[in-house]
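What the coordinates show
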Amino acid sequence: NAGVMQNPRHLVRRRGQEARLRCSPMKGHSHVYWYRQLPEEGLKFMVYLQKENIIDESGMPKERFSAEFPKEGPSILRIQQVVRGDSAAYFCASSPRLAGTDNEQFFGPGTRLTVL
Amino acid sequence: TQLLEQSPQFLSIQEGENLTVYCNSSSVFSSLQWYRQEPGEGPVLLVTVVTGGEVKKLKRLTFQFGDARKDSSLHITAAQPGDTGLYLCAGLGGNKLVFGAGTILRVKS
């Protein structure tokens, strides 16, 4: 049973370019979460999605960042006009059911974004 | 804003020693999860505790959830070099996990 898959594992962009990060949840999981881990900081929640719906985007920066989880295909985290401060590790997690007291989130290996 | 304070931030011990990592908050969480993260990889789930006062054991690791569901601890008995890594606690608040800053554990042989 394959785990959460993320690609690319490493991404280098120049300032002003766009970054697209992909996440395929575990088989049978329909809930996807994105987290960001900045250098020397802990993991911070960004957004929670179900198929075709954004449920909670309270952790997303107001500008340049967007996320989607289409009916078919992986979840995408898109960062437009990247800046050096966007350099971080971006992790995707998935869970099999609605958030609840026993909700368990399983993480992918992450995408390490470097902005030059 | 829910916050989780994790201590110590860094721990360096000799093989065979015991250790405890603490995770404290002023907020109540519906559940708390412990992860271990290796450099360059994603967090790997170790355990989920749900009930106040709950104790779970995973080989040499013992996890405890406080009665009020605000704090948790991870105790490792007879640490081994293979236990080296970053240990993270995370509380489930609504839809999202709130993470502590982590404890970097180094076990020397």
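Higher on the page you've got the structure.
One structure accompanies this document, and this report is about it.

The rules behind each value
- Residues numbered from 1 in each chain as written.
- Chains lettered and ligands numbered in written order.
- Predicted model: local features only at pLDDT ≥ 70, side-chain atom pairs only at ≥ 80, totals over all residues.
- Heavy atoms only, no water.
- Core = buried A, V, L, I, M, F, W, Y, C linked by side-chain atoms within 4.5 Å.
- Buried < 20%, exposed > 50% of the residue type's maximum accessible area, 1.4 Å probe, protein only.
- Contact = heavy atoms within 4.5 Å.
- Buried area = accessible area lost by both parts, 1.4 Å probe.
- Salt bridge = Lys/Arg side-chain N within 4 Å of Asp/Glu carboxyl O.
- Polar contact = N/O pair within 3.5 Å; in protein donor to acceptor, adjacent residues only side chain to side chain.
- Helix = DSSP H or I, 4+ residues; strand = E, 2+ residues; numbered from the N terminus.
- Nonpolar A, V, L, I, M, F, W, Y, C, P; charged D, E, K, R; others polar.

Re the nonpolar core
- With 23 residues, the main nonpolar core has A:Trp34, A:Met46, A:Leu77 and A:Tyr90 as its most contacted residues.
- Membership of the second largest hydrophobic core comes to 22 residues, among which are B:Leu11, B:Ile13, B:Leu32 and B:Trp34.

Thoughts on the interface of chain A and chain B
- Of the residues lining the interface, 23 residues belong to chain A; the matching set on chain B comes to 19 residues.
- Carbon and sulfur atoms supply 54% of the area that chain A and chain B bury against each other, a total of about 1600 Å² over both sides.
- Our enumeration of links across chain A and chain B arrives at two salt bridges.
- The partner of A:Asp56 in a salt bridge is B:Lys96, with the nearest N and O atoms 3.5 Å apart.
- At the surface where chain A touches chain B, the tally comes to nine residue pairs in polar contact (both at pLDDT 80 or more).
- Among the elements of the structure, β4 (31-37), β5 (43-50), β6 (53-56) and β10 (106-107) of chain A are those that each provide at least two residues to the side of chain A that touches chain B.
- By residue class, the composition of the side of chain A that touches chain B is eleven nonpolar, seven polar and five charged.

Details of the pattern of salt bridges
- Going through the model one piece at a time under the given rule, you end up with eight salt bridges over all chains.
- Between A:Arg64 and A:Asp86 there is a salt bridge, and its shortest N-O distance comes to 2.7 Å. In this pair, A:Arg64 sits in the loop between β6 and β7 (65-68) while A:Asp86 sits in the loop between β8 (75-79) and β9 (88-95), placing the two residues 22 residues apart along the sequence.
- Given a relative accessible area of 26%, A:Arg64 falls into the partly exposed group.
- You can call A:Asp86 buried: its relative accessible area is 3%.
- Here B:Glu38 ties to B:Arg36 by a salt bridge, and the two come within 2.7 Å at their closest N and O atoms.
- Note on B:Glu38: relative accessible area 33%, which makes it partly exposed.
- In the salt-bridge network here, residues are joined through shared partners; they are A:Glu18, A:Arg20 and A:Arg78.

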